[in-house]
Structures are given as C-alpha cells and as structure tokens.
Protein chains: 2
Amino acid sequence: MDDFELACKGLYRALTIREKYMRMALQRFPNTPSQFLRKIEGETWKPEDQVLPVFTPLPKPGEDPFCTKDFPPNLGYVARMKDGVIYVYKDAAAADKHQPLNHPGPDLATFIDDMNFLIALIAQGPTKTYTHRRLKFLMSKFNVHEMLNEMEEMKELKKNPHRDFYNCRKVDTHIHAAACMNQKHLLRFIKKSYRVDADRVVHVLKGKEVTLKELFASLNLHPYDLTVDSLDVHAGRQTFQRFDKFNAKYNPVGASELRDLYMKTENHISGEYFATIIKEVASDLEDARYQYAEPRLSIYGCNPNEWAKLSSWFNKHRVFSPHLKWMIQVPRIYDIFRGRNFVPHFGKMLENIFLPVFQATIDPNSNPELSVFLKHVTGFDSVDDESKHSGHMFSTKSPKPEEWDIVKNPSYTYWIYYMYANIAILNQLRKERGMNTFQFRPHCGEAGAVTHLLACFMTADNISHGLNLKKSPVLQYLYYLAQVPIAMSPLSNNSLFLEYNKNPLLEFHKKGLMVSLSTDDPMQFHYTKEPLMEEYAIAAQVFKLSTCDMCEIARNSVLQSGLSAEEKIHFLGTSYLQDGPEGNDIRKTNVAQIRMAYRYETQCYELNLIREGVMAE
Amino acid sequence: MDDFELACKGLYRALTIREKYMRMALQRFPNTPSQFLRKIEGETWKPEDQVLPVFTPLPKPGEDPFCTKDFPPNLGYVARMKDGVIYVYKDAAAADKHQPLNHPGPDLATFIDDMNFLIALIAQGPTKTYTHRRLKFLMSKFNVHEMLNEMEEMKELKKNPHRDFYNCRKVDTHIHAAACMNQKHLLRFIKKSYRVDADRVVHVLKGKEVTLKELFASLNLHPYDLTVDSLDVHAGRQTFQRFDKFNAKYNPVGASELRDLYMKTENHISGEYFATIIKEVASDLEDARYQYAEPRLSIYGCNPNEWAKLSSWFNKHRVFSPHLKWMIQVPRIYDIFRGRNFVPHFGKMLENIFLPVFQATIDPNSNPELSVFLKHVTGFDSVDDESKHSGHMFSTKSPKPEEWDIVKNPSYTYWIYYMYANIAILNQLRKERGMNTFQFRPHCGEAGAVTHLLACFMTADNISHGLNLKKSPVLQYLYYLAQVPIAMSPLSNNSLFLEYNKNPLLEFHKKGLMVSLSTDDPMQFHYTKEPLMEEYAIAAQVFKLSTCDMCEIARNSVLQSGLSAEEKIHFLGTSYLQDGPEGNDIRKTNVAQIRMAYRYETQCYELNLIREGVMAE
C-alpha cells in the first residue's frame, strides 16, 4: 500500500469516527463528507440520514418565554449514574439490574480504540506529509482564487441590494456572561448602583449584613472615585501567558466581594445586578439589530442544587432576550473542589452537573423553572486553562469517575469524554420527548496538547479557539474536511496566548476551515461600545479581509450558533442546510456565490481525492 | 574635530534653524531645547522668549460664534504679492516701491542655504552614525523604563480619581471634512435625504436643473437599494500603493455627482447636505464629550472667490461646534489647474490662496463672513500624493512663482516654502491686529523623498504621517529633539502605504517622538461609530499599549491641536506650556508623573550631550 492510499484510508476512518459520534449525540456532521463516505462504502446517502439538533424557536408573539405550563407529563423513568455516565431506566428495578432504555451512548472501549487510532494517525509520517501538502495547496488555491475572482465577488455584492456587512447577521459565538459587558459599562453600572442603592443591604460580611455603602467603605473605596484604571479588569501586557493573572482580572478593583455582587447569579441580592447588566447588554444587541450572542453561565458540579438556583435566577429576573442564546460552561476544576472536600469523587461532580437535567427532562414539572431555563440553553462548554497539564493518560485502565477520588484533576480528554457521553444520552432522551437538544462546544486548542483537539474532533459539535490546529496538519485537515466550526477570538488570544498578527485566523479562513469571530470577554479585551464589531473591524484591518470574507465569517457564526432553525432560515435563507451555493441566499448573507462555489468545489475535490485513495486497490 | 563634535555641531545648528523659522511664523518651539540652545550660546533663556500661537477661544455663554460685529477697523494697508510672497505695505505708493511694513518673512537665499546645510547633514556619515545610535539607545532605554516602572505608572493612574483613558481628552488631529463621517453614516444620510427631498431640485445636469429623484434615476440607482458595498467608498486591498484608486473612493457609487451633492461646500444646494453631515458628526463628538476633531476644508487656489464662497457656506449653515477646529487644506495640484488653463502661473495660485486672507485681516469688515470663518480656522495643511515625484530641485535658481508658468507641478519643497513664507507674514500681521494665527501643518512623510520631512522640519509647526522618518535617523532624531508633533494614522497607512504591524508608531512613541493618533478618513478606513476610538483601540491591541501610553498619546494630541489656550488649560492643566512633570496635571491627563519625568530627563540628557559636543573644543 503506498503512502497516498495509507493516508487516505486513515483520513477516511477518522471521518467515519467523527460522523459516528456526532450522530450518536445528535450533533451536526455536514452532508457533503457524509455523501462521500457513503459513496466509498457503496451506499447511497439520503437526505433523511442527516441528523439535526433541536433548538427552541423564539416565542411567538404574545407567548411568554417563561411560561411553565404545557410541559409533557412525567415519564416515571429513573436516571442513575453508572461508571460516570447517567443512564435512563424504565424503573428502579431496571436500574438495579442496569437494563437501560435504548439510548445508546458511547462504548468506552471502542472510544479508546478510536482515540488511539487517531493518536497514531496524527503522528503517522505519510498522513502528516499528505495533509501538510493538501493544506499548503488549499492556501495557494485560495490565493489564486482571490487574485482571479476578488473583483467578481465584489461585483456580486455590489449588485446585491439592501444587504451589506453591517446588516448581515453575526453571532458572538463565544462569550462569557460574567464578562459580557465592557469595562466602561461595568464602571457605569457600579456608579449608578451606588447612586440608587447605597443604603440597600447587598452583602454579608463576616456574618453581618452590610449595605452597599458599608461594603465599599470596608474596601476603602468610594465608587465616585472609581475609574476604569482602578477597576482594573482589563487584560494587558501583564496577562500574556499568565492565565492565572487573567482570571484575577474578573475581580473588580481586585475585590472578590464585588465580583460576587455584580457578576454572580447567586448572592445576597439573588444576582439582581448581574441580571440587570446582562439585560442591558441584550438591549444594546437588540438596538444594534443584527448582532446576537451566546453567553456562558457556570455550572460547577459542586452541588446538585446549582441548576435549581441558576434557573431560579433566570426566571426571577426574566433574563431572556431574542438576541441571546444561553450556554452552560463547566469549569474543569475538580481538583480544587476535591481538595476542599466539596465532592467525594469525580463521578459526583458529573452527577451534580447532569442528573438534574435528566430529571427535569423525565419530569419537567418537577422543576418548572429549570425546565423553562433548559429550553433556552443550547449547549455545554468546558472551560479552564488548557496549558495546565494533568499527567493522566486516558485509557481503558483509567479509574472510573466514581473511583476517581484523588485530588488530581482528570485529563482534558477524560473530562471531555464523560461530558460527551452524558450529553449524548441526554440528547436522545430529550429528542424523544420533543425537547431541544444540547450541543457540546468546549474550549479547545487555546493552549496545551494537540490531543485536546483530537478529543474534540471526536466529541464536539464545534469548538472555541482552535489555535493549536497550527501544530497538527492532520487534525487541521480533518477539521477542514468535516467543517468543524471554530469560534476564534484573536483579541483574547492577543492578551493571553498569541500576538495578533501571528493569529492563524486568516490562514484557517483562507484554507477553508469554518471559522467565526467571537469576543470571549469584552470586559477584559475590548475598548468600544460594540465589542463584536470591534473584533470584526480589527480582523478586517489587520488581516485586510474583504467584505466577502467578513460576510462569510458572519455566516459561519450563524451556522455555528444555537440559533433555532426558524431563525437560521430567516437569517441565511430556506436552504441553509444545503452545502455549496445552493445553500446560500446572497440576499440575506451577502456572501458571493462565486465564493460559495469555490468553497464547495474545493471541498468536494479534497474529499474525492480521499475516495480515490481509499478505492485505489 | 572628532565625529562626535561634528555631529553635535550639525544637530545644534539644525535646531537653531528650526527655532528661527518657528519664531518667524509664530509657531511653537518647545522651551527645553530653547534653553539648551541659549546655554550653548552663553545666553539666558527667559520665559518671555517663548513664542506662542494665538487661537480663538470658545465663544462665551450667550456669545454668537458667527457675530460679525466688533471687528477692528480697516488699516488701509495694501497687500500685494512679490516673488510669490504677499507683503503688507502702508499704502499703494510703498507697495510700488516695495517698501513693506516690518513683517520679516524668510529670506529665500538664507532659506536655501539652511536647507542645503540640512541636506548635507542628513547624509553626513558621522551624524548618521551618531543619531542612529542615540535612537537605538532611546529605544532600549524606554524598554528598560517600561520593565522597571510599568507597574509604578499603573499604580499612579489607579490612584488618580475620576480620570481614565475614556474621559481624558483626545483630538483627532488629522481628518478630512469630506470623509469625516463613516461609510454607514453617509449611506444613512443619502437614504434619508431621498426620503425627505426626492422632489427637490438639487443638481444641474447638462445645463438642466434636476431633482434628487431625477439625479439618481440618471445614475440608474435607487437609494433604497444602496448598501455600503455599492456605495463603495471604503478603502480595501485594491487601494494599497494606489493613491489614485484611493482618491476615486471619494465618489460614492463611483459618481462624482454624488460627491458634489453630498461632500462639497459649493453646489446647487449651497453645500447644505455636507454641512448637515458635518454637524451630525460634530453632534456625535459632543455626545462622546471627550473627543475633538480638526477637519480640513479645501481651498484650491484656482479662483480668488473660493474663500468668500467657503466662508459663506460656513456662516450660512452655521457649521460651528466647540468640538471642531477648522483647518484649510491646499491640494498640491497646480499642474492640473495649469493644464486646464485655470491659472496662468503658480504665483496666481498662491495669490488666490493667501491674498483674500491678508485683505480680510487688513479690513475685516470688507468680508465679515470670511473674517468670522478665519477666527475659527487654526491652520493650513498641504495635501496630495507625496509619492508623485516632481523632478524639480528647489534652489535659488528656481523660477519665481510668477515665472512658474509651465504645466509641471513645483516640487514639494517649493510648495512648502511658499506656503510657509506667506503664512509667516500673515501671522505677524494677524498677531499685530490681535487676531488668531495659523499653524502650518502639512501632510509630510507619508511617501516620497525624505527631503519632504526636511522641508517641514524647517517650516511646519507639526505634520501628519511622518512614516518616512523611518528612513532618516538624522531627521528622526531632530524631530525627537525638537518634539515636532506628528499626527499618525496607522489605519490609513494600512490601506495605502504600510501594513499595520510595520507601522513605526510604536517605535516612535517609545523613542519619545511626540506622536498623536488620527483617523485621516473615517469614511474610507473605519468600521465603527467612533472612528477615533477605533483608531486608539486597534493601536492599543496591536501594539499592546498601556493605559499610560494611550493617555500620553491623547495628551500629545491636545498639545498638537489648534484648541485654544483656555481649552488646553481646561483639558491639560494650567501649566501645560511647561515641559516635564511640572507641565502635567495627572488629574486631567491621566499620564503618570513617572512617565513625564522619564521623558523630560531623557530629553535633557540628549540635549546635554549635544551641548557637550558643541562646547568640547
């Protein structure tokens, strides 16, 4: 078998692996590679084969997004964890015998097999050479396309009435709720809260209730004197390569009390300030009309009540906006919680994170507030400093989550596997019930080992960052072939991990990877009132993006997002699920058909090469 | 004489040359180098030696900025051009005998001598080596300063109440009025004008008056369909190194009719739309509170009536805002006008540009509207593509302006000299009359020969661009020593002459050159609603500027600007004219005193070295 065939066979199998795990979890895998895979297998692809996630549509006019009525009835099922994964059983007896209902989750041994295959593949000489060359070719090909067709693309866009970069929809695909306001906004809010609420009891200090005035006095501060400088939440040169320093920037004036008061959902004022700030951000997005955001709220897994509290906050303050789609972020900080004895083992954390969601899915009326909130949640994120190395190698011999009781954090891959496995089963149950499903959209490839990107290639609908795809041609090419969306945040990277002009965004975009732009943390990184526009403007300037480039990136962001099918049809056109120019409605997206055709033909060409390689014998 | 002495003597003489021409034209030369020059000469510097320009203060509450009363009476003087320079005479008889009043202008022969000395100096080996080393040293020294004091500077700023980067004053020191709105703003304005004014006669097409509707119909356009793309005023990859293409971007939808209608002061609707757009921009600045701009309006020199028409537009539409300071730009396009036989020779152009201003200065009541307008004008700019080479070498043998009747454009230096000479005399006359004076602030060093930077070192209060200082260590060091302000526009450069991350802004700032940030043409270059903030944000991100850096640049912009002394006191502190930390009021500027002390000590050290070199014998 020559090198070409070897590489193609490896890449083929890699794609089938991703396809399998995407289908299992009701996540997306594009039609074009699926069609090629079926062709290789001598089968016919049918449109019904497409697996689609379910997102909750916008409430109809007059409909209350917080309505707790009309939930489906209790199924009486039992959800119980076994080996770190929650299974759904008909009843307790079935649970005791571990006879789960038919929601096939990943099989650990197979998953490890698949993973080991991919680990070998990304280190395999011929495949590295092949993918490196293909990527180089994709780059040169785009440069040629640009030279030949740039003016033609522009001409298409000029002829396209009513639509330009400003009024095509863009989604901020990666933003943390706790930092979704910019520093100036937070400052203004703190000052305003003091003017209105100085005498309100807002906090408990050493067991004693204190007013806002007393709280600031205890910090030796007067909000009237506060400036953006003393607030000190902006990342600067000091945070480069220092994720720890960056995390400390979440504390205004370095005071965790203020973080608690203004940026937490759970505090003495039931997260009222935080809710107000978020609603102000939402109102700015609504005013801007064409901008959307997917803020992340935290579930830590320390306590099974977290979900109830978070959803109570959501309902109480009615934190809903058609311009926001919610995500749950789970920080990978088991080691800290275990160290403080908050949890006995890793399995308990997973249970705290997922069991309440399973229960609310089985019996929505058992926690109507949570059921309302889950309707508006579109996915899970996994967050923390990836550059922290765990030392653990995930294998069939790894302790099961319930046995993982040491203080050390499990590896990134271990975390990702168990989150994925639970989401996969959860999604099947939810789809069965006619409920919305959740996408797995972890932070991945911001730093640390390339294996993170491998784990997410297997499990994640899409990822945030992906910088380290630079380091592995095989993975980069696979992310290209499978069109795995990547939410990139070059301004965040610039303050943390990689200087702006070294950011691979432009390179990835040219090669045809599916990149979108996102802000990550406007509070820490942005200066202007429109952080997402700032992100686009700087990328456009530094990378000299054309309007077509920018609109393509904006279109990617809508596709990647958790916006509902109805919204996507409204923003991208009725055929948005189709690949290639047919799936593009230029009147809505302002992306030239020449560009769409180029992307589609190029992808088909690459996939066809693989087919030829596989069929060569 | 060793190399060190040789270099120091040359630099000393260069500084005295600039000092002389600055004083002559009532332009600024900082105290610190003046003090060292006096010390070298064995004289004592006195505060009275400082020459100050005069800017019109803001109207007092209730005062009308357009009031045409209370102008001083007619002096009865005669202003007449001789050899390209306008002199002021007691009466016609004195004019006939060329016995001008005592307003000493530059002497051409001396000027050429001085210029030739500087031309030799910037090519002189030892001086090149010396200045190159000093600049390298300044760079390293700043890096060390930064490493040692960055946290201390930040601490100072954190302790400084009420003031941060957002609320310290910044002036957009270089912006063209015709492109001062962003593309989205212009688009919105065009659409609105059509909704309101479709049936209004706005233009004359082939001798026939046409309505707005008919005008758009003749262009095969409907404003309702217009987008930012079809408007096509934004610079892109196509404009890089193509100033000609860039200039064409001033025409919306490529139609010069629309440029005439929306971006000219003189048209069938008396420039009403243009005035409205500018007033909208001003109102945005007023809302932003801390931002100011110095827009340029054109005087071409084709016709002596231009001033009357421009000032009539200004007064008619009451285009005044406390946030705008006006500048006059003179495009260096004699060749075009001469080619079309609009002017007989270059002298006539100079006369058209300057004589009306002399006359309004001698007898303000002869043209009250012009006199009002001139009160609000703070300086002259010289604009055009510097990369166009003229081939002419300015010397004592050059034809006098009145003899320059060929179609070829005079050289940059020739243009600069004659503009300077007229401004110098004009300023003396105006100061005598208690009127405001004008700064000469040409575009310089954006492209073309380094001699442009040499000419402006002799004549300009401050310049726009200065990129080419990269190419001459001697000039760069002289600009540093004399603290010649440079309005830099890296986003403009990025679209026209130099990629963003190659821009020398950061390098110049670190070395201590006095740089400010400006937008040049928001219509062509910027994406967001706040172009100046976009400019600062991108520089901060790409160059990783600290808050102290940004506030220092903002402070420089106020110093460089034509804001009145009263405003500067308000924005920078009462001692703003003093050099060093004493001249800085951190409460107003948010610039750390450590930074100010560093800059001052460093400058003194460099000047002292020169003193030692000169005194060595």
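Higher on the page you've got the structure.
Quick caveat: nothing in here was measured; it's all calculated off a predicted structure. (Residues numbered from 1 in each chain as written. Chains lettered and ligands numbered in written order. Predicted model: local features only at pLDDT ≥ 70, side-chain atom pairs only at ≥ 80, totals over all residues. Heavy atoms only, no water.)

## Comments concerning the overall build of chain A
Alright, step 1. Per the secondary structure count, chain A includes 26 helices and 13 strands.
Alright, step 2. Its C-alpha radius of gyration of 24 Å places chain A within 12% of the 25 Å reference for a compact globule of 617 residues.
Alright, step 3. A principal-axis box enclosing the C-alpha atoms of chain A has dimensions of 80 × 65 × 50 Å.
Alright, step 4. Counting across all 617 residues of chain A, residues that qualify as buried make up 63%.
Alright, step 5. Once local pairs closer than 6 in sequence are excluded, the contacts in chain A between residues at least 24 apart make up 74%.
Alright, step 6. Counting every atom, chain A has about 22,300 Å² of accessible surface; 52% of that belongs to carbon and sulfur.
Alright, step 7. Each charge class in chain A can be summarised by its mean position, and for the 75 positive and 74 negative side chains these summaries are 1 Å apart. (Helix = DSSP H or I, 4+ residues; strand = E, 2+ residues; numbered from the N terminus. Rg over C-alpha atoms; globule rule 2.2 N^0.38 Å. Buried < 20%, exposed > 50% of the residue type's maximum accessible area, 1.4 Å probe, protein only. Contact = heavy atoms within 4.5 Å. Areas by Shrake-Rupley, 256 points an atom, 1.4 Å probe, with all protein chains shown as cover. Lys, Arg positive; Asp, Glu negative; His and termini not counted. Charge placed at Lys NZ, Arg CZ, Asp CG, Glu CD.)

## Focus on the sheet that holds strand β12 (residues 486-488) of chain A
Alright, step 1. On the basis of which strands lie adjacent, the open sheet formed by 4 strands has the order β10-β11-β12-β13 (chain A) and parallel pairing. Strands with a single pairing partner mark the edges of an open sheet, and in this sheet they are β10 (443-444) and β13 (515-517) of chain A. (Pairing = 2+ DSSP bridges.)

## Description of the sheet that holds strand β9 (residues 439-440) of chain A
All names here are of chain A.
Alright, step 1. One open sheet accounts for 5 strands, arranged β3-β6-β7-β8-β9; its pairing is parallel. Every other strand in the sheet has two partners, leaving β3 (170-176) and β9 as the edge strands with one partner each.
Alright, step 2. Pairing geometry for strand β6 (residues 291-298) and strand β7 (residues 326-331), over 3 bridges, is parallel. Paired with S298 across the bridge in β7 is Q329.
Alright, step 3. Docked against the sheet, helix α15 (residues 368-376) engages β6, β7 and β8 (377-383), running at close to 80 degrees with respect to β8. (Axes fitted to C-alpha atoms, helices over the stretch in contact; angles between N-to-C directions.)

## A word on the relation of the copies chain A and chain B
Alright, step 1. Placing chain A over chain B gives an RMSD of 0.0 Å and needs a rotation angle of 180 degrees, together with 0.0 Å of translation along the axis. Both copies are brought into coincidence by an operation consistent with a two-fold rotation axis. Scanning chain A for the C-alpha nearest the rotation axis identifies A:I538, at a separation of 3.1 Å.
Alright, step 2. Residue by residue, 100% of the interface of chain A is reproduced at the interface of chain B, so both copies engage with the same surface. (Least-squares fit on C-alpha atoms with pLDDT ≥ 70 in both.)

## Thoughts on empty space enclosed by the protein
Residues and elements named next belong to chain B.
Alright, step 1. Overall, the coordinates contain 6 cavities of 30 Å³ or more when judged by the stated rule.
Alright, step 2. Of the voids in this model, the largest cavity is the one considered here, and its volume is about 110 Å³.
Alright, step 3. Around the largest cavity sit 14 residues that line it, and T56, L324, K325, K375 and H376 are the ones nearest its centre.
Alright, step 4. Here the residues of the lining of the largest cavity sort into 7 nonpolar, 5 polar and 2 charged.
Alright, step 5. Its volume calculated, the second largest cavity comes out at about 90 Å³.
Alright, step 6. Taken together, the residues of the lining of the second largest cavity sort by class into 6 nonpolar, 3 polar and 2 charged. (1 Å grid on protein atoms, 1.4 Å probe; cavity = no way out; pocket = protein on both sides within 12 Å on 5 of 7 lines; lining within 4 Å. Points joined across faces, edges and corners; volume = space filled by probe spheres on them. Nonpolar A, V, L, I, M, F, W, Y, C, P; charged D, E, K, R; others polar.)

## Thoughts on unusual backbone geometry
Residue and element names in this part refer to chain B.
Alright, step 1. Even without being a glycine, D232 presents a positive backbone phi close to 60 degrees.
Alright, step 2. Here D232 lies in the loop between α8 (228-231) and α9 (243-248).
Alright, step 3. If you check the backbone angles, K544 has positive phi at about 50 degrees while not being a glycine.
Alright, step 4. Here K544 is to be found in the loop between α22 (531-543) and α23 (547-560).

## Notes on the packing of aromatic side chains
Alright, step 1. Counted according to the given criterion, the structure contains 82 aromatic pairs over all chains.
Alright, step 2. Measuring from ring centre to ring centre gives 5.6 Å for A:Y334 and A:F346, while their planes differ by 90 degrees; the resulting arrangement is edge-to-face. Separated by 12 residues along the polypeptide, A:Y334 in helix α13 (residues 334-339) and A:F346 in helix α14 (residues 346-362) bring together distant segments of the chain.
Alright, step 3. The interplanar angle of 55 degrees and the centroid separation of 4.9 Å between the aromatic rings of B:Y414 and B:Y418 together place this pair among those described as tilted. Here B:Y418 and B:Y414 lie together in helix α16 (residues 412-432), a separation of 4 residues that amounts to about one turn. With respect to burial, B:Y414 and B:Y418 carry one shared label: buried.
Alright, step 4. Looking at A:K170, its charged tip hangs above the ring of A:F165, at a distance of 4.7 Å from the centre. (Phe/Tyr/Trp six-rings, centres within 6.5 Å; stacked < 30°, edge-to-face > 60°. Lys NZ or Arg CZ within 6 Å of the ring centre and 35° of its normal.)

## Notes on the packing of helix α4 (residues 108-123) of chain A against helix α17 (residues 451-459) of chain A
Helix-helix packing is characterised by the crossing angle of the two axes and by the distance between the axes.
Residues and elements named next belong to chain A.
Alright, step 1. Look at α4 against α17: their axes get within 10 Å of each other, and the N-to-C directions meet at 130 degrees. One finds that α4 runs oblique with respect to α17. Once α4 is placed against α17, the crossing between them reads as right-handed. Counting all contacts with α4, which are made through F111, D114, M115, L118, I119 and I122, the residues of α17 involved are L454, F457, M458 and T459.
Alright, step 2. Split by residue class, the contact of α4 with α17 holds 8 nonpolar, 1 polar and 1 charged. (Parallel < 35°, antiparallel > 145°, perpendicular 65-115°, else oblique. Left-handed = near helix turned anticlockwise from the far one by under 90°.)

## Regarding the interface of chain A and chain B
Alright, step 1. If you look at the interface, chain A gives 48 residues, while chain B gives 48 residues.
Alright, step 2. Buried area between chain A and chain B, summed over both chains or domains, comes out near 4,300 Å², and the portion from carbon and sulfur atoms is 51%.
Alright, step 3. Between the two partners, chain A and chain B, sit 10 salt bridges.
Alright, step 4. B:D549 is the salt-bridge partner of A:R237, the closest N and O atoms lying 3.8 Å from each other.
Alright, step 5. Between chain A and chain B we count 28 residue pairs in polar contact (both at pLDDT 80 or more) in total.
Alright, step 6. Every element with two or more residues in the side of chain A that touches chain B is listed here: α5 (125-159), α6 (183-197), α8 (228-231), α19 (490-496), α22 (531-543) and α23 (547-560) of chain A.
Alright, step 7. Of the residues forming the side of chain A that touches chain B, the biggest block, 7 residues, is contributed by α22(A).
Alright, step 8. Taken together, the residues of the side of chain A that touches chain B break down into 18 nonpolar, 14 polar and 16 charged. (Buried area = accessible area lost by both parts, 1.4 Å probe. Salt bridge = Lys/Arg side-chain N within 4 Å of Asp/Glu carboxyl O. Polar contact = N/O pair within 3.5 Å; in protein donor to acceptor, adjacent residues only side chain to side chain.)

## Structural notes on the environment of B:R599
Residue and element names in this part refer to chain B.
Alright, step 1. Positionally, R599 belongs in helix α26 (residues 593-615).
Alright, step 2. Look at R599 and you get buried, because its relative accessible area is 14%.
Alright, step 3. Between the C-alpha atom of R599 and that of D579, which follows or precedes it by 20 residues, the distance is 9.4 Å.
Alright, step 4. Aside from chain neighbours lying at most four places away, what touches R599 is F142, Y480, H509, K510, K511, G512 and E552.

## Topic: the side chain of A:T32
Alright, step 1. Considering the arrangement of structural elements, one finds A:T32 in helix α2 (residues 31-40).
Alright, step 2. Contacts of A:T32, omitting those with residues within four sequence positions, involve A:D579, A:Y600, A:Q603, A:C604 and A:L607.

## Quick notes on the environment of B:K375
Residues and elements named next belong to chain B.
Alright, step 1. Counting through the fold element by element, K375 comes out in helix α15 (residues 368-375).
Alright, step 2. When the C-alpha positions of K375 and F55 are compared, they lie 8.0 Å apart, and in sequence the two are 320 residues distant.
Alright, step 3. Non-local contacts of K375, meaning those with residues more than four positions away in its chain, are made with T56, F71 and N436.

## Re α15(A)
Alright, step 1. Within the span of α15(A), buried status applies to A:L370, A:S371, A:V372, A:F373, A:L374 and A:H376.
Alright, step 2. Contacts from the buried residues of α15(A) go to β6, α12 (306-316), β7, α14, β8 and α16 (412-432) of chain A.

## Structural notes on the packing of α23(A) against helix α24 (residues 565-572) of chain A
Residues and elements named next belong to chain A.
Alright, step 1. Axis separation between α23 and α24 bottoms out at 10 Å; the angle between their running directions is 165 degrees. If you check the angle between α23 and α24, you find them roughly antiparallel. Note that α23 runs across α24; the crossing there is left-handed. Of the residues in α24, those in contact with R555, V558 and L559 of α23 are K568, F571 and L572.
Alright, step 2. When its residues are assigned to classes, the contact of α23 with α24 shows 4 nonpolar, no polar and 2 charged.

## Regarding the pattern of salt bridges
A pair can form between side chains of opposite charge whenever their charged atoms are brought close.
Residue and element names in this part refer to chain A.
Alright, step 1. Inspection of every chain in the model, using the stated rule, returns 66 salt bridges over all chains.
Alright, step 2. Close ionic contact of D114 with K20 constitutes a salt bridge, the shortest N to O distance being 2.7 Å. Of this pair, D114 sits in helix α4 while K20 sits in helix α1 (residues 3-24), and the two are 94 residues apart along the sequence.
Alright, step 3. Note on K20: relative accessible area 32%, which makes it partly exposed.
Alright, step 4. Residues E606 and R134 are paired through a salt bridge, measuring 2.8 Å at the closest nitrogen-oxygen approach. Of this pair, E606 sits in helix α26 (residues 593-615) while R134 sits in helix α5; the two residues are 472 residues apart in sequence, bridging distant segments of the chain.
Alright, step 5. Look at R134 and you get buried, because its relative accessible area is 13%.

Any link to function would need more than the numbers given here.
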